[in-house]
Structures are given as C-alpha cells and as structure tokens.
Amino acid sequence: MPAAKDIQRALARIRAVMPAQKQAATAHRNIKLGLERISRVVPDNQRWIGVHVGGTNGKGSICALLAGMFKLSGISHGTYISPALPERHNSITINGLYVNKRMYEMELKHVEGAYKRVASGWTFASGEDPGDLTPFELETAAAFRVFNKMNVQYGIVEVGMGGATDATNAMKQKAVTVISKIDLDHQEYLGNTIEEIAKVKAGIMRSGVPCIVDHSNPSSVMNVLREHAQSVGTQINLSSKALPLIEDLDRKRFDLQDYEQQNLLCATLTFRKLFPNLRIDVNKLLSMKPQLPGRMEHVRVSRLTSGLREKSLLVDGAHNMLGVEALAKYVDGTCRKGDEPVTWVMGLSSSKSKPFSSMIETLIRPQDNLAFVEYTQGPSDPPPAPADLGRSVAAQVISDESRVYDGDASIGAGVQWACSRAGEGPVVVTGSLYMVREFYKMRGVEPSRKIKTRRPGRSQLWRYVQLSRERPLTSEEAREFKQARRHWRLSPANSPIFRGGRPTSPSVPERIRKLQQTAAHHQKQAEGYQQAIRSVKNDLRGGDDAALSQTLQGLETRRQEHLQAYNRAMFKIRGHTVDSDKKYMSHEEIFGTPEKTKKRITALLPDDEKDDDMKVTGESKHTTRQREPQSRAGRSGQPDAKDHGRGSWTRRRSRTDSQEG
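- Per an unreviewed UniProt entry, the protein chain goes by the name Mur ligase central domain-containing protein and belongs to Epichloe bromicola.
- The UniProt entry for the protein chain carries this comment under Sequence similarities (unreviewed entry): "Belongs to the folylpolyglutamate synthase family."

Some words on the overall build of the protein chain
Moving on, step 1. Broken down by element type, the protein chain carries 22 helices and 14 strands.
Moving on, step 2. When the 661 residues of the protein chain are sorted by exposure, 46% land in the buried category.
Moving on, step 3. At a minimum sequence separation of 6, the contacts of the protein chain that also span at least 24 residues come to 75%.
Moving on, step 4. For the protein chain, the accessible surface area stands at approximately 34600 Å², while carbon and sulfur atoms represent 48% of it.

Re the UniProt feature "coiled-coil region" (unreviewed entry) in the protein chain
Moving on, step 1. Residues annotated by UniProt as "coiled-coil region" (unreviewed entry) correspond here to residues 512–539.
Moving on, step 2. The span residues 512–539 carries 100% helix and 0% strand; its end-to-end C-alpha distance comes to 41 Å.

Digging into helix H15 (residues 433–441)
What sets the pattern is the α-helix's 3.6 residues per turn: residues three or four places apart point alike.
Moving on, step 1. With 7 of its 9 residues buried, H15 lies for the most part within the structure.
Moving on, step 2. Among the residues of H15, those classed as buried are Leu433, Tyr434, Met435, Val436, Arg437, Phe439 and Tyr440.
Moving on, step 3. A side-chain oxygen of the first residue of H15 lies 3.0 Å from the backbone nitrogen of tyrosine 434; this N-cap is serine 432.

With respect to helix H7 (residues 194–201)
Moving on, step 1. When H7 is considered as a whole, its buried residues turn out to be Ile194, Ile197, Ala198 and Lys201. Each buried residue of H7 lies within a common arc of 105° when the element is viewed along its axis, so the set occupies one face.

Comments concerning the environment of glutamate 588
Moving on, step 1. Inspection of the secondary structure assignment puts glutamate 588 in helix H20 (residues 587–591).
Moving on, step 2. Those residues within four positions of glutamate 588 in sequence are excluded, and the remaining contacts are Thr593 and Pro594.

Thoughts on the packing of H7 against helix H8 (residues 219–232)
Moving on, step 1. One can describe the packing of H7 onto H8 by two numbers: an axis separation of 9 Å at closest approach and a directional angle of 30°. Of the two possible hands of crossing, H7 and H8 adopt the one that is right-handed. Only Ser220, Val221, Val224, Leu225 and His228 of H8 make contact with H7, whose side of the interface consists of Ile194, Glu195, Ala198 and Lys199.
Moving on, step 2. Split by residue class, the contact of H7 with H8 holds 5 nonpolar, 2 polar and 2 charged.

Some remarks on the pairing of strand S5 (residues 154–158)
Moving on, step 1. Of all 5 residues making up S5, 5 are buried, and the element is well covered by its neighbours.
Moving on, step 2. Here strand S1 (residues 49–54) pairs with S5 via 5 bridges, running parallel. In the sheet register, histidine 52 faces S5, and the bridge partner there is valine 157.
Moving on, step 3. Pairing between strand S2 (residues 77–80) and S5: 4 bridges, direction parallel. Within S5, the position partnered with tyrosine 80 by the bridge is valine 157.

Observations regarding the pattern of salt bridges
Oppositely charged side chains may form a pair once their charged atoms are brought near each other.
Moving on, step 1. The tally for this structure, following the rule as stated, stands at 17 salt bridges.
Moving on, step 2. Of the charged contacts in the structure, one is a salt bridge between glutamate 107 and lysine 149, with a shortest N-O distance of 3.2 Å. Linking glutamate 107 in helix H4 (residues 101–118) with lysine 149 in helix H5 (residues 135–149), this pair joins segments that are 42 residues apart in sequence. Here glutamate 107 matches lysine 149 in class, with each residue buried.

A few points about the packing of aromatic side chains
Moving on, step 1. Throughout the structure, instances matching the rule amount to 13 aromatic pairs.
Moving on, step 2. Each ring, one from tryptophan 48 and one from phenylalanine 147, has its centre 5.1 Å from the other, and the planes form 90°; the classification is edge-to-face. Of this pair, tryptophan 48 sits in the loop between helix H2 (20–27) and S1 while phenylalanine 147 is found in helix H5, placing the two residues 99 residues apart along the sequence.
Moving on, step 3. Assessed through its relative accessible area of 1%, tryptophan 48 is described here as buried.
Moving on, step 4. Taking the centre distance of 5.0 Å and the plane angle of 50° together, the rings of phenylalanine 271 and phenylalanine 275 count as tilted. No difference in accessibility class separates phenylalanine 271 from phenylalanine 275, as the two residues are buried.
Moving on, step 5. Lying across the ring of phenylalanine 481, arginine 485 places its NZ or CZ 4.6 Å from the centre.

As for the sheet that holds strand S14 (residues 446–447)
Moving on, step 1. On the basis of which strands lie adjacent, the open sheet formed by 6 strands has the order S12-S11-S13-S10-S9-S14 and mixed pairing. Strand pairing shows two members of the sheet lacking a second neighbour, strand S12 (369–372) and S14, which therefore form its edges.
Moving on, step 2. Pairing geometry for strand S10 (residues 313–316) and strand S13 (residues 427–431), over 3 bridges, is parallel. What sits directly across from leucine 314, in S13, is valine 428.
Moving on, step 3. Sheet strands in contact with helix H14 (residues 411–422) are S10, strand S11 (343–347), S12 and S13, and its direction is about 165° off that of S11.

Overview of the environment of serine 420
Moving on, step 1. Relative to the assigned elements, serine 420 resides in helix H14.
Moving on, step 2. Overall, the relative accessible area of 45% leaves serine 420 in the partly exposed class.
Moving on, step 3. On a C-alpha basis, the gap between serine 420 and threonine 305 in space is 8.8 Å, while along the polypeptide they are 115 residues apart.
Moving on, step 4. A polar atom in the side chain of serine 420 sits 2.8 Å from the backbone oxygen of tryptophan 417.

Comments concerning unusual backbone geometry
Moving on, step 1. The linkage connecting serine 82 with the following residue, proline 83, adopts the cis geometry, with an omega of -10°.
Moving on, step 2. Mapped onto the secondary structure, proline 83 falls in the loop between S2 and strand S3 (92–94).
Moving on, step 3. Phi at asparagine 95 takes a positive value of approximately 50°, unusual for a residue other than glycine.
Moving on, step 4. Considering the arrangement of structural elements, one finds asparagine 95 in the loop between S3 and strand S4 (97–98).
Moving on, step 5. Looking at asparagine 95, the relative accessible area reads 33%, which means it is partly exposed.
Moving on, step 6. Phi is positive for serine 306, close to 55°, though the residue is something other than glycine.

Topic: the side chain of serine 82
Moving on, step 1. Residue position: serine 82 is located in the loop between S2 and S3.
Moving on, step 2. Excluding anything up to four places from it in sequence, serine 82 contacts Phe136, Glu158 and Gly160.

Rules behind the numbers
Residues numbered from 1 in each chain as written. Predicted model: local features only at pLDDT ≥ 70, side-chain atom pairs only at ≥ 80, totals over all residues. Heavy atoms only, no water. UniProt positions renumbered as here; feature names shortened; annotations may be inferred. Helix = DSSP H or I, 4+ residues; strand = E, 2+ residues; numbered from the N terminus. Buried < 20%, exposed > 50% of the residue type's maximum accessible area, 1.4 Å probe, protein only. Contact = heavy atoms within 4.5 Å. Areas by Shrake-Rupley, 256 points an atom, 1.4 Å probe, with all protein chains shown as cover. Polar contact = N/O pair within 3.5 Å; in protein donor to acceptor, adjacent residues only side chain to side chain. Arc of directions from axis to C-beta. Axes fitted to C-alpha atoms, helices over the stretch in contact; angles between N-to-C directions. Left-handed = near helix turned anticlockwise from the far one by under 90°. Nonpolar A, V, L, I, M, F, W, Y, C, P; charged D, E, K, R; others polar. Pairing = 2+ DSSP bridges. Salt bridge = Lys/Arg side-chain N within 4 Å of Asp/Glu carboxyl O. Phe/Tyr/Trp six-rings, centres within 6.5 Å; stacked < 30°, edge-to-face > 60°. Lys NZ or Arg CZ within 6 Å of the ring centre and 35° of its normal.

Structural data, given as structure tokens:
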C-alpha cells in the first residue's frame, strides 16, 4: 500500500503537468474565515433563538435529530446545514419543509445588494480590501434572513468549518451550543493537531450559554474545551448525562451504531437543556427517520441504469477517517456476507492533509470491486482527487485488476459499471459530499428520504404577477404561479372554511359531468401525443428521416385536434373563453394593502427647474413635495429630527413589501 508521502508526491507530479488555467482553478477555493464581512449583512434584529452545532463528525445528524424533536413538540423551527444536497436552497428547512426556491433566490439577491452598499469604500483595519462575500457567507446571511421572515422561534444552525471564525458564528443570540466528535479535518485551515482544531471549534461557546459536548471525545480534547469554557464564562455538559433519557429505546428495533448513539445523546441533552419539562419518545423520534440526505441512505437507481439494478444502493458521504471507519464497520457488519464482494463507487476531494490511501484501505477488501470517480468542481468546492491516482492505490489492495474500473471517470459511468459488476450484491456509493451532491442531481436517482418544499407565498405570487406581464413564464414558473394562486386562495386568511363556514359540495348536473369527462379525456390524449412528439424529435436530432418527419407531422395534427376538442368542452362548461387577465391579482388583493408607489428622488432644484425635470421624465405623479419642517414638527417652530438639517425639502423612498406570506 503506498504511503501518504508517496500519494502527496504523486499529486504534486500530476499538478506539475496540468495546464496553468486548470492548476489555478484547482488550487483556489473561495474560503475566507472571519466575521468582518458577514457581520455587516446579517439582520441586526435576530428574531429567533439560535442552537449552534459544531464539531467534526455528526453535527449535521445532531441538527436533524433536534429538528425531529422540535417537530414532535410542535415548536416552530428552522434548520441550516451545509453543504446542501442536492440544490443550494436545500440547506434550509422550515418546520421540516425545504424553503421555497424562489424565495431563497430573492433573499440571496437581497444579501448581495446589501453587501455591495455597505462594502463601498470599506477596508479592513490593515487597509486590505474585504472583497466579495464568499458563497458560504452569502448563503448563511440568506438563511438568517429566511428565519426572520418565516418567524421561526428557534434556528438550528450547523457550523460550516471550524467555529470561532465560521460565518455562522455571526448569530447574535444563542440558547445552547453543541460540540460533537472532534477529529483531524481541514488542517490547512484549522490547525495541525486535534487539540488546535478543538480550540478553534470551541469558539462557538458564549458566556452563560450551556455547551453540550460529545463525551466520547479524547481527554486531550476535553481539556481544551473545559479550559476555553472557563475562559468565556460557561460550562460544558457531557452527553453521557442523557443516558437515562434514552433508557426506553427499543434496541432490537433500532440497532444504533456507536456514533449514532453519541449523536442521539447530544441531541437529547440539548433538547432537555432548552425545554426541561418536555419529554421526547425516542422510539417515536427514530421511527420518523430524522436523518440527512446522503448519510446512510438507500437510493434506487433503476431508471439511471435502465432497469439493470432494481435493488437500492447504499449512499454515505464518508469524507474523513472518522466517517470512513464508521462506514466500514457498518458495511462489514450489515451488508457484507462472509467473503461476498462489495462493489464501491468512490470519489474523494483532494486535500493536502487528507489520509487518502488510508481511507481507501480502510474500506475495500481484496475481493471487492471499485470504481473511483471524479465530481465536477464548483466555484468554491475543493478539487476532486484524480481517478487515476485512486485506481493505482486500489490496485495495491484488490487482487484482480478486472475488479478496478478503468473507464470514464464520471459518476454516472462509474455507477453503471458498478451495478453491472455487482449483480444482486451490495453496492456502496461513498466519499465527498460534493460527489454525493452531483450523484443526487442525476436523472433517475431516487433517494428514499423525500422532503417536501414549502409552497410559494404572497411575495412569490406578486413576483409572478409582475413577471408574467413582462414575458412568458417558463414551465416551472407557470407551475409555481398556479401553485401560489391556489395557496393564496386556500390560506386561512382567504378561505371561508377557516372563518367558520362549512365546506359544501355543490351538485354537478349530468350534462356538466359528461363535459368534464370529455375534457379530461382530450387533455390526457393531448399530453400523450406531446410525449410521443418529444420522443420523435429526439430521434430526429442529428439526422433527416422523411418517414419520421411525416410521423411527427401526423402526431402534431392529432394533438391539435384533441386540444381543440378540449377547448370546446371547456367553453361549454365555463360559458365563456378563458380571460388571461383573470390570473392577475392586484397588490391589494394579495397583501391587503395598496401598492406603494416608488417615488423618484430628484435633486434639490429650484421649483421651475424641478418642474421641467419632472415633465421630461414623465414621473411627476411619483414625486412628493412636502412642506417646511415645522409642518411636521407642529407649530413650535422646532425642526423635526428626521430632517437632519437638510433644508425644507425632504425626500422619501418606499419599497414593495416582499415578506413571505
């Protein structure tokens, strides 16, 4: 087995022959630790109470367990974890549902705009330019804004990297902090020893705020944490104190691994610190399967492999030695039967401190199969470890070369090979969470843990009303627009059922019922023809087949006939043609208040020049003229403090309310 130094030398040789542009892209990660930038854009008024979870391994799982406890207790909460799987907005859940994607995108834009305003002309004390927000800082500030807007009581926040200088440590109010198992990881940012890393992670502690610590941490780590707790004016609480709280756990039904029990103890003690009088049924909690995507999850890939593999795969983002050791123990004890081979699909990130060869050696056995793959590197992701290097390391362990995949290094190709090689045997996809994220985005991958997304609220409805007047909506936007209108109609504020009315089922005349059936039939037929048209168009790509073109024309004709029949039936049902303007709603209908007009800010000019300026722009109705300061301050003659000595003319701006309904 190659030594770690040999691996590093091999990596250096690979980088030496890489093109300059690719070398620069692989070396750079947009990571800037420190709170100077993000502290300028997080909300000044944090309306939720923070639960801050740090550590090396298990912190995301503790967040998921806590969210399950909050859900069982009916307590409003939001969670923020990283990295998000599979999409960026999946990092935030509100009461167990993913935040609406459009709302999340709006908040990202608000944060970017706010930072551009406050960063203008600002430098560090050293005179250094602060630069732009990093992707993680941007996402963290957006998450804090979402928590505020959704009015959650508690925000469960996972530390991204480290602790003291992590962007999440900009939260202003914490009720409790949690530190999970600590081990070597990200040494290039956090320190070279486990004690140095523990010191950085202890930075999330606050004076007077209790800190829950995984009691299985080494004594050297515990000493560092205790010393730091004493210096900031708090105390640590060992997770072992929660053992009596899980005495009723059905261990035959829930056969927890050691690390899973430690995470459960940390979460249980944290919840008890927050709510001493609330009891949680741990069996009911675990039956909800409160786990994160990509962590010990069974995933179906039947469609990805064109039916080649009906059994599910095991996916686990084991990206450091602690995670790899836990996965190896689980696979050997649960998936592997005797000398049966396990087929692995593995993709790791490249790191100067990661024990690359040791991780591979811990997982695979001489009889196993391995496909080492590479993920596509994102803007701030670490570069993937080269597939050739992974294969060469695996070849030293696996006895038969044919058991090591040497084809296309993409994840899809690696999974296809693994499924064909394994037959009905176990297949495990593991490694970097960035690799797992890309795998989950692939068409035909069906995770077992499906979390729903919050429906679009009032601000999204108003946005789509405005957008649809400017341009045609995309199919996804049109679907959300329809969903937002339905959500608005069924909300307690607008539905008569929630105001004490009784639901009624009006009788439908037989004539109308038959017309509805006819319309539904023609709509379904039109959709079927549309699918056939797509298939034929795919076949025609890159070639000109006269017979297929004629078939396509016939399908188009039949689809139009069914659409016309559908429209005729719907006309008889409605009694009128569809008025596209009926889908538009006014600001007052949506929010209950008239839209505030955005007023144009003009320079302080003499009256005649200002009038000319307004005539040219045509915005006189958007400009407000106000009286002398005493008209607002009363007759005392004292100027209003809000004028700040700017003279007798003041200017105001108003903005459209964008708060989520």
